[in-house]
Amino acid sequence: MEQIRQNEIPKVPKRILTSLLSSVSAGVVPRAGAPYIAIGRQDEIAALLSDLEAVNEGGGSMRFLIGRYGSGKSFLMQLIRGYALERGFLTADADLSPERRLYGTGGSGVATYRELMKNLASKASPDGGALPRLLARWINDLQTAVLDTGISAKEEAFSDALNRRVADTLREMEFLVGGFDFSRVIVAYYRAYVAGDDDRKSACLRWLRGEYATKTEARQALGFSVSVIIDDDNWYDFLKLWAALSRTMGYRGLVVFVDECVNLYKISHRVSRENNYEKILSMFNDTLQGRAPGLALVFGGTPQFLEDTRRGLFSYEALRSRLCDSRFALEGFKNLIGPVIRLRRLSDDELFALISRVTKLYAQNYGQQPRITEEQMVEFLRICLGRAGADSMITPREMLRDYMTVLNILMQNPEASFEEVVGSAVTLKTEQELLEEREAAEKPTDDTHRFTIDEIEF
């Protein structure tokens, strides 16, 4: 702990620091700056980074991050997302919702694909929207490769050589499901890029993002016929195509993060829910059997989403037999090689290091040292852990939100003391207790659906 206390926090850019502290105060996972408050989870991070190495070698990977609300699933995803970008991978992430599923009708399946494409990121475009940039980079790299052969850009042979390189690059794509039309649209984009045809480029990007509702609409915009468009049924096949193409483009692979999987558990209609679980099974088999080279999938969900035998993944026998713990996986022994990673509670030392780190970032952001001592930090942690059940139930989100509230009150009320602030909040219910009470009240009693709507968001 002493070593952590003495470590100096590097200077954080103001834009990132302000956003980071605002996210922590609101209980939201920061989109940027996650490494600055990363404490613990070394084993989990090492396991996920080993998956990236397997993907780099041309394999596939699929993991389930399982933990209670606020335990750090989404934070860990954002952390690994940053590591993946730094290591030369493409990443895409999406949160599931009643409108975005893995399988559905009326556009709820392809809506997830569109969200992934919107958030497609590379090292040069870490905030998403990287699709046009990575295609432009790929074309420029091909042009440079042709120039390196000694052919001048002014020669007629330059265009022919470039066309051959594009065709050779995409030839392998044509043998995959949906690969022929995928390759045709990529070639059309390349030709529009070279010709400076912005309208045709935009039409190709719309097809690649799955934004056409019908093949007729796509044909009219593209200027040529396509046998398929990206829709609810086939969007995952195109995700595999992007993974394969990313390696051809010079990236190490594609890492996809799908969070809030508990929304699949909340689907009331049994058949619809099982269709989504069937899609997860297909993804699981593809990645672990080598049929999705260059693709890593990371799903985040609650223990209920995984273990509930009536509505969770364990209600689907094919998934239960693949994901359930072995009889030899006794409590107290860790196993981070299997497909399921269960997030443990951070230790007391790690929780102290976390609030200590946040205190230093807070001081850096506001240019003044918070009116709180190390002894008072320890006292705050003791109060948090002294609540009934907190030794196993406390989450970083809940603790950080409370701690940021204390720091904010102390800064804005110079006359207030630490003892006055924390003394009045000891008897309040924890965020988790309130959440569990709400879930208990809203939890369906059976699978019978008496409404006319397929699912209702509470």
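Parameters at a glance
All chains use their own residue numbering, which begins from 1 and follows the written sequence. For a predicted model such as this one, the threshold for reporting local features is a pLDDT of at least 70, and the threshold for listing and counting side-chain atom pairs is 80 or more; totals across whole chains, interfaces and linings nevertheless cover every residue. Here the side-chain values reflect all heavy atoms present in the structure, with hydrogen atoms and water set aside. Here a strand is any run of E in DSSP of at least two residues, a helix any run of H or I of at least four, and the numbering for each starts at the N terminus. Only protein chains enter the accessibility calculation, which uses a 1.4 Å probe; a residue whose area is less than 20% of its type maximum is buried, one above 50% is exposed, and one in between is partly exposed. Contacts are assigned to residue pairs with any non-hydrogen atoms lying within 4.5 Å of each other. Each pair of strands is called paired provided DSSP finds at least two bridges between the two strands. Simply put, an axis is a line fit to the C-alpha atoms, just over the touching stretch for a helix, and the angle between two N-to-C directions goes from 0 to 180 degrees. Between 65 and 115 degrees an angle is taken as roughly perpendicular, under 35 as roughly parallel, over 145 as roughly antiparallel, and anywhere else as oblique. Less than a right angle of anticlockwise turn of the near helix away from the far helix marks a crossing as left-handed, whereas a clockwise turn marks it as right-handed. For this classification, Asp, Glu, Lys and Arg are treated as charged, while Ala, Val, Leu, Ile, Met, Phe, Trp, Tyr, Cys and Pro are nonpolar and the rest, including Gly, are polar.

Chemist: Just checking my understanding: could you explain the side chain of Thr302 for this structure?
Modeler: Counting through the fold element by element, Thr302 comes out in the loop between β4 (295–301) and α14 (303–307). Exposure remark for Thr302: the relative accessible area of 6% places this residue in the buried category. For Thr302, the residues in contact, after removing those within four places along its chain, are Ile66, Gly67, Tyr69, Lys73 and Val262.

Chemist: Is there a simple way to explain the sheet that holds strand β2 (residues 90–95) in this structure?
Modeler: Paired through backbone hydrogen bonds, the strands of a sheet run either parallel or antiparallel to each other. Taking strand neighbours across the sheet as the criterion, the 5 strands line up as β2-β3-β4-β1-β5 in an open arrangement whose pairing is parallel. Bordering the open sheet on either side are β2 and β5 (340–342), each of which pairs with just one other strand. In this sheet, neighbouring strand axes are inclined to one another by 15° on average, regardless of whether the strands run parallel or antiparallel. Relative to β4, strand β1 (residues 61–66) runs parallel, the two sharing 6 bridges. Residue pairing across strands places Ser61 opposite Ala296, the latter belonging to β4. The strands touched by helix α4 (residues 73–86) within the sheet are β1, β2, β3 (254–259) and β4, with β3 carrying the most contacts at an inclination of about 165°. Here helix α13 (residues 270–288) sits on the sheet and contacts β1 and β4; the angle it forms with β1, its principal contact strand, is near 130°.

Chemist: Quick question: what am I supposed to make of helix α5 (residues 108–118) here?
Modeler: The α-helix advances 3.6 residues per turn, and as a result positions three or four apart in sequence lie on the same side. Burial within α5 is extensive, with 9 of its 11 residues counted as buried. Of the residues making up α5, those classed as buried are Ser108, Gly109, Val110, Ala111, Thr112, Tyr113, Glu115, Leu116 and Met117.

Chemist: Help me understand the environment of Val12, please; the structure alone is not making it clear to me.
Modeler: By the element assignment, Val12 lies in the loop between α1 (2–6) and α2 (14–26). Residues Val12 and Leu361, spaced 349 residues apart in sequence, show a C-alpha to C-alpha distance of 8.2 Å.

Chemist: Sorry if this is basic, but what is going on with the packing of helix α6 (residues 131–148) against helix α7 (residues 156–170) here?
Modeler: Packed helices, taken two at a time, are described by their axes: the angle between them and the distance between them. Interaxial distance between α6 and α7 falls to 10 Å at its minimum, and their mutual angle equals 125°. Taken together, the axes of α6 and α7 are oblique relative to one another. Seen along the crossing, α6 lies across α7 with a hand that is right-handed. Where α6 approaches α7, its residues Trp138, Leu142, Gln143, Ala145, Val146 and Leu147 are matched on the opposing element by Phe158, Ala161, Leu162, Arg165, Val166, Thr169 and Leu170. When its residues are assigned to classes, the contact of α6 with α7 shows 10 nonpolar, 2 polar and 1 charged.

Chemist: Where do I start with the side chain of Glu44 in this structure?
Modeler: Residue placement: Glu44 occurs in helix α3 (residues 42–56). According to the relative accessible area criterion, Glu44 is buried, its value standing at 3%. Among all residues touching Glu44, those that are not within four sequence positions of it are Leu76, Leu336, Ile341, Leu343 and Arg344.

Shape descriptors only; they carry no functional weight alone.
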